[in-house]
Amino acid sequence: MTKNTRKEAPVLPLNTIMSGDCIEAMNSLPEGSVDLIFADPPYNLQLRGDLHRPDNSKVDAVDDSWDQFDSFKVYDDFTREWLAAARRLLKPNGAIWVIGSYHNVFRLGAELQNQGYWLLNDVVWRKSNPMPNFRGKRFTNAHETLIWASKNEGAKYTFNYEALKALNEGIQMRSDWVLPICNGGERLKNEDGDKAHPTQKPQSLLHRLLIATTNPGDVVLDPFFGTGTTGAVAKMLGRDYIGIEREEKYRKVAEKRLKSIRKFDSEALKVSTSKRAEPRVPFGQLVERGMLRPGEELSSLNGRHKAKVRADGTLVGNDVKGSIHQVGAHLEGAPSCNGWTYWTYKRDGQNVPIDLLRQQIRAEMN
């Protein structure tokens, strides 16, 4: 008799750095297991010769072998393969961020669309302290572009709109972000005192991005981990990370960095949420609980209309019956109406919005 052997699913290596080729590493992970991917792939800068400052000192530019490709075709083939591997890993409602410069971001964007990703935004990271253009033959390159895309059209991706608004002093967050490049004490150094990585991203960029599009406990993958900025911010914010990095020298720096990172406490990890994300409370529940009585009269906030509460949680007013929203819209001659903010009830001689009763129930539910 033959024994049935079932192949065990690969285990997700949470909060570790995988070594080796990013495509092979991603293909070894379980399908549909990642909530968000942040990818900072090689830019393929096509540098020609050394770059010098006006005082003739050499600029420490990106000239590493990992950023060099023999042709655009070779780069495009690489892009196609890693983006396909990334898409396989994303959960149905997962999303991806890719970042690039003018050298590669248009190629990245085209391939994202070719593979069925759904573009949500492009975000311009405007550097408040960019490196000058030393040759004086072009504009100072003062920005990089991020593309945010969901796995599919119609996916219910995460977007913490209210948290972003709170970060921006109550104003809707725009798609141009003014943030400094990584420098000063944040810039990691190697044993010789030189930059550990030429394109280390600032924590501020990853903080905003992860607050915006992930929640605590989500799994964040970075296939070009470098010195681990994504992992460091994810760990602080209570997200799980998976890093993939080919270069041993970068892995060592990242591992040392991550050991010193501490997660914020659970209360500090909570962010502002939209009212839509709060528990749903039917108007009828106010009647069931005796907070409003059948036959009690409600008044519109503008004082022009009145309606009576019925035992089934509907209203009747003049020639109309229906929900708090339907009756309000009819009386105002409007296509829609938010009944929670439209209707008030009388307590101690004052008109009080019925929404306060809903908030009271929500507070109990929480």
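Treat the numbers as computed from the prediction; the structure is a model and nothing was measured.

Another aspect to go through is the side chain of glutamate 144. Here glutamate 144 shows up in strand S5 (residues 143-150). One polar contact links glutamate 144 to tyrosine 43, side chain to side chain, over a distance of 2.5 Å. Side chain to side chain, glutamate 144 and lysine 127 meet in a polar contact 2.8 Å long. Among residues more than four places away in sequence, those in contact with glutamate 144 are Tyr43, Ile99, Gly100, Val123, Val124, Trp125, Lys127 and Lys201.

In the sheet, strand S9 (residues 297-300) pairs with strand S13 (residues 343-347) via two bridges, with the strands oriented antiparallel. Looking at the pairing, serine 300 lines up with tryptophan 343 of S13. The sheet contact formed by S13 and strand S14 (residues 350-353) spans four bridges and is antiparallel. Looking at the pairing, tyrosine 345 lines up with valine 352 of S14. Hairpin connection, S13 to S14: the antiparallel pair is bridged by two residues, and aspartate 348 has positive phi, about 50°.

Now for the packing of helix H2 (residues 72-89) against helix H3 (residues 105-114). When two helices pack together, their arrangement is given by the angle between the helix axes and by the axis-to-axis distance. Relative orientation of the contacting elements H2 and H3 amounts to 45°, with a least axis distance of 10 Å. By the angle between their directions, the pair H2 and H3 is classed as oblique. Like other packed secondary-structure pairs, H2 and H3 cross with a definite hand, here right-handed. Side by side, H2 and H3 meet where Phe72, Tyr75, Asp76, Thr79, Arg80, Trp82 and Leu83 of the first sit next to Arg107, Leu108, Glu111 and Leu112 of the second.

A sheet is described by the order of its strands in space; here eight strands give the open sequence S1-S8-S7-S2-S3-S5-S4-S6, paired in mixed fashion. Across the chains shown, the open sheet's two edge strands, defined by having one partner strand only, are strand S1 (16-19) and strand S6 (176-179). Put simply, the sheet's adjacent strands are angled 20° from each other on average, direction ignored. Looking at chain direction, strand S2 (residues 34-39) and strand S7 (residues 219-222) are connected through two bridges and run parallel. Residue pairing in the sheet places isoleucine 37 in a bridge with leucine 221 of S7. Its contacts with the sheet place H2 against S2, strand S3 (90-100) and S7, and it is angled at close to 145° to S3. Contacting S3, strand S4 (118-127) and S5, H3 runs over the sheet at an angle of about 165° to S3.

The rules we used
- Residues numbered from 1 in each chain as written.
- Predicted model: local features only at pLDDT ≥ 70, side-chain atom pairs only at ≥ 80, totals over all residues.
- Heavy atoms only, no water.
- Helix = DSSP H or I, 4+ residues; strand = E, 2+ residues; numbered from the N terminus.
- Polar contact = N/O pair within 3.5 Å; in protein donor to acceptor, adjacent residues only side chain to side chain.
- Contact = heavy atoms within 4.5 Å.
- Pairing = 2+ DSSP bridges.
- Axes fitted to C-alpha atoms, helices over the stretch in contact; angles between N-to-C directions.
- Parallel < 35°, antiparallel > 145°, perpendicular 65-115°, else oblique.
- Left-handed = near helix turned anticlockwise from the far one by under 90°.

Spatial relationships are all this shows, so hold off on functional conclusions.
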